[in-house]
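Given next are the chains, with one letter for each unit.
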Amino acid sequence: MKRKTAPAALVGVVALALSACSSGGGSGSGGDGAGEITYWLWDSNQLPAYQACADAFTEANPDTTVKIEQFAWDDYWTKLTASFVGGSGPDVFVDHLSKYGEFATQGQVVALDEMIERDGFDTSVYADGLLDPWQYADGSTYGLPKDWDTTAFFYNTAMLDEAGITSEDLWAADWNPDDGGTFEEIVAHLTVDANGVRGDEEGFDPSAVEVYGLGINPNFEETGQMQWANFTGTLDWDYLDTNPWGTRYNFDDPEFQKAIDWFYGLAEKGYAPAAGVFSDETPTQVGSGQVAMGTNGSWATGSFMELDGVDVGIAPGPVGPEGERASLFNGVADSISASSDNKEGAWKWVQFLGSTDCQDIVAEHAVVFPAIPESSEKALAAFDEKGWDVSAFFSYEEEGRTFLPPITLNAGDVNAIASVAFEDIYLGNADASSLTVADEQIDAVLQQ
Amino acid sequence: MSAVTDAPTTTAAPRSSAGRRSRNLGDLPAALVFILPATVGFVVFLLWPTLRGIWLSFTDTTAFQTGGFIGLENYRRLADDPVFWNAFGVTLWYVVLNIGIQTVLAVLVAVLMHRLTKSMVVRGIVLTPYLVSNVVAAMLFLMLLDYQLGFVNEVIEALGWDRVMFFGDQSLVIPTIALVNVWRHAGYTALLVFAGLQTIPENLYEAGRVDGASELRMFRSITMPLLRPYLGLVLIVTMIGSFQVFDTVSVATQGGPANASNVIQYYIYEVAFSRGYDFGYASAMSVALMVVLATISIVQFRLTRANQNDMA
């Protein structure tokens, strides 16, 4: 994995030996950490931003270079696991809340607490609630936050205009699991059939829809982040008995199941595409002109805004029965592999990634919202500069609520059960009451 | 054999008998040299992994830690795992469709090549789909058959029919994958069958024609009986390959929608490498698959009497 030239390797060894001597004195400064650090991430949109960070890092630490490798999400976790097994993993990698528990259990990631304490690294700079979920069940910290995301609704502004709906209407929409509230009215009105009849009008033909009011991502997950989480989050409901590290899921809750039936029921009404109609995510769906509006995360803003010939706006999720809008609030972090042979260098790089220096650089690229609030403000300004109004993603903090994704052990098995259970409902093989069985299966996995 | 049993006495004999010794061993030293590379390959890449896999199936080994012996626990879990039995059913359905259609098509193409044309160009064309890798073929058809953008669906709509969700419909996904692989493999299978056809002496057909038999009658009474041993072997080989379908599923559907195309090999892969990293359970499923394949091969071998030839 790491191809060092012999002299560079020698320098590394000497430097490590020196640092080993000096660490007795308590100061970890000097030439330690020299060599090449491999860094993995999954989002190609963020690659330029982090390459810029890496360049700045090497400028400040000439002995340490960073080699960034990017793999798409689907391959990322398989490759990472394989590399851990083979002992050739990256030194540092972008880690996800739903995944790190398993790595921590298996001892594949490094607990950062000692190094944080030793170097007096200030972890209070991060936005509230970003660091806590990275504390594993044993209380150790396994990642330093790098950015956060929420989800919202991306809509085709021309279609909204045509339907006589304003963005204010969308911002003011309410929702409930019984009749979908004004949000469903809007979705119905945005839906148009082959004869030009709208979804809420007499004679609408749900079997010949030209434009669907709401797109559905083909991403079936226990988090529902890409599908139903903006709705279920407004209920008096949470994924787990305790989050993080709960051992009982709440998919058997009748109110939750009602919301799920409502959500996938949109396809039966013709307001949303049926399962299998779209195999791509909502940016493609909205881009095709056959979908008026679709959920996605803040990270996808660029994909929507750069769509050819479609002008896109962003509105937050509707206000639910509890009187608040809600979004899943996910934080991504950097972790160090246990197999890294240059942990000092890796820690230096992780510190840099978690510092204002790097997060400001990322902010300038306007791709994600950095974990440090001041940097996040700069990102907001950078988005504004491009003419992209992303205030919807901040609205939950200001006038609604956010919640964590379910964080458990055995997340891979949980995902396998949940994804099939939700897809079965979308396909019409079962209604949401079937989630009670899935819930039992998941609980059995968690209590193993 | 005798050379081997003689060996100890000859080595004990005085040096002067060296000439006799090498004559006694005959071709053995040369044979060993030639067999050695294949044997090493067989032991390292086949025998050892198989034995290790069987051992792992009795342990709770994961990707990250060597587990201990847990007896039949993995097999008990397998018996109670609805996803495994679903995968088993899905795979069987795939094999029936894939092998059924492919074999009929291959025999048809082979007989046409045998009876009608001797053109090398035609034989070459028949083989071309096989030159495309499985992954590329899967991606190609994924695009061609896409519900929204696929060329095939454009044509279907232009003809006035409704678009078809080839990969998105639970009842169509396995037939679709089976047909994609028929497209890729039928030509190759046809060539195997064709090779068998060429062993049938031409004079049998001449005799048939003299007796006034039709092409169809000759196919039934001459071609099929004499082709049987070849067809038997082709069936065994293609069926084993068919049971191992993985790449098309991995590329096109990832087992979806909702497990409708979750074939055994894909499920094993998932359990081992993309969730849980449960090597023990994945090994148990692999062993189960191996037993099934061995059983089917033996039964088929017997039923088709593939080791006997009616020509003798």
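Residues numbered from 1 in each chain as written. Chains lettered and ligands numbered in written order. Predicted model: local features only at pLDDT ≥ 70, side-chain atom pairs only at ≥ 80, totals over all residues. Heavy atoms only, no water.

Caption draft 1: Summary view of the sheet that holds strand β9 (residues 312-315) of chain A. All names here are of chain A. Judged by pairing direction, the sheet is antiparallel, and its three strands sit side by side in the order β8-β5-β9 without closing on themselves. At either end of the open sheet lies a strand with only one pairing partner, and these are β8 (293-297) and β9. Looking at each pair of strands side by side, their axes are set apart by 35 degrees on average, direction ignored. In the sheet, strand β5 (residues 151-156) pairs with β9 via four bridges, with the strands oriented antiparallel. (Pairing = 2+ DSSP bridges. Helix = DSSP H or I, 4+ residues; strand = E, 2+ residues; numbered from the N terminus. Axes fitted to C-alpha atoms, helices over the stretch in contact; angles between N-to-C directions.)

Caption draft 2: Seen up close, the interface of chain B and chain A. Each partner contributes residues to the interface: chain B has 19 residues there, and chain A has 22 residues. Summed over both sides, the interface of chain B with chain A buries roughly 1,800 Å², with 55% coming from carbon and sulfur. Applying the counting criterion to the chain B and chain A interface returns zero salt bridges. There are six residue pairs in polar contact (both at pLDDT 80 or more) connecting chain B and chain A. In the side of chain B that touches chain A, the residues fall into nine nonpolar, eight polar and two charged. (Contact = heavy atoms within 4.5 Å. Buried area = accessible area lost by both parts, 1.4 Å probe. Salt bridge = Lys/Arg side-chain N within 4 Å of Asp/Glu carboxyl O. Polar contact = N/O pair within 3.5 Å; in protein donor to acceptor, adjacent residues only side chain to side chain. Nonpolar A, V, L, I, M, F, W, Y, C, P; charged D, E, K, R; others polar.)

Caption draft 3: How the structure looks around the confidence of the model for chain B. All names here are of chain B. Residues at a pLDDT of 70 or more form 92% of chain B, whose mean pLDDT is 87. pLDDT under 50 marks residues 1-14. Its contacts with residues more than four places away, or in other chains, come to eight contacts. For this predicted complex, the interface confidence comes out at an ipTM of 0.80, alongside a pTM of 0.84. (pLDDT = per-residue confidence, 0-100.)

Caption draft 4: Local environment of the sheet that holds strand β1 (residues 35-41) of chain A. Residues and elements named next belong to chain A. The strand order β2-β1-β3-β11-β4-β12 describes an open sheet built from six strands, whose pairing is mixed. A strand with exactly one partner marks an edge of an open sheet, and here the two such strands are β2 (64-70) and β12 (369-370). Judged from the seven bridges that link them, β1 and β2 form a sheet pairing that is parallel. Looking across to β2, one finds that Thr38 is bridged to Lys67. On the sheet, helix α2 (residues 47-60) packs against β1, β2 and β4 (144-149) and is oriented at approximately 170 degrees with respect to β2.

Caption draft 5: Broad picture of the domain arrangement of chain B. All names here are of chain B. We note that the domain assignment places domain 1 (2-56) and domain 2 (74-304) within chain B. Opposite the four residues of domain 1 that make contact, domain 2 presents five residues. A combined buried area of about 330 Å² lies between domain 1 and domain 2, and 71% of that area is made up of carbon and sulfur atoms. The tally of links between domain 1 and domain 2 comes to zero salt bridges. Put simply, domain 1 and domain 2 have zero residue pairs in polar contact (both at pLDDT 80 or more) between them. (Domains from an automatic or database assignment.)

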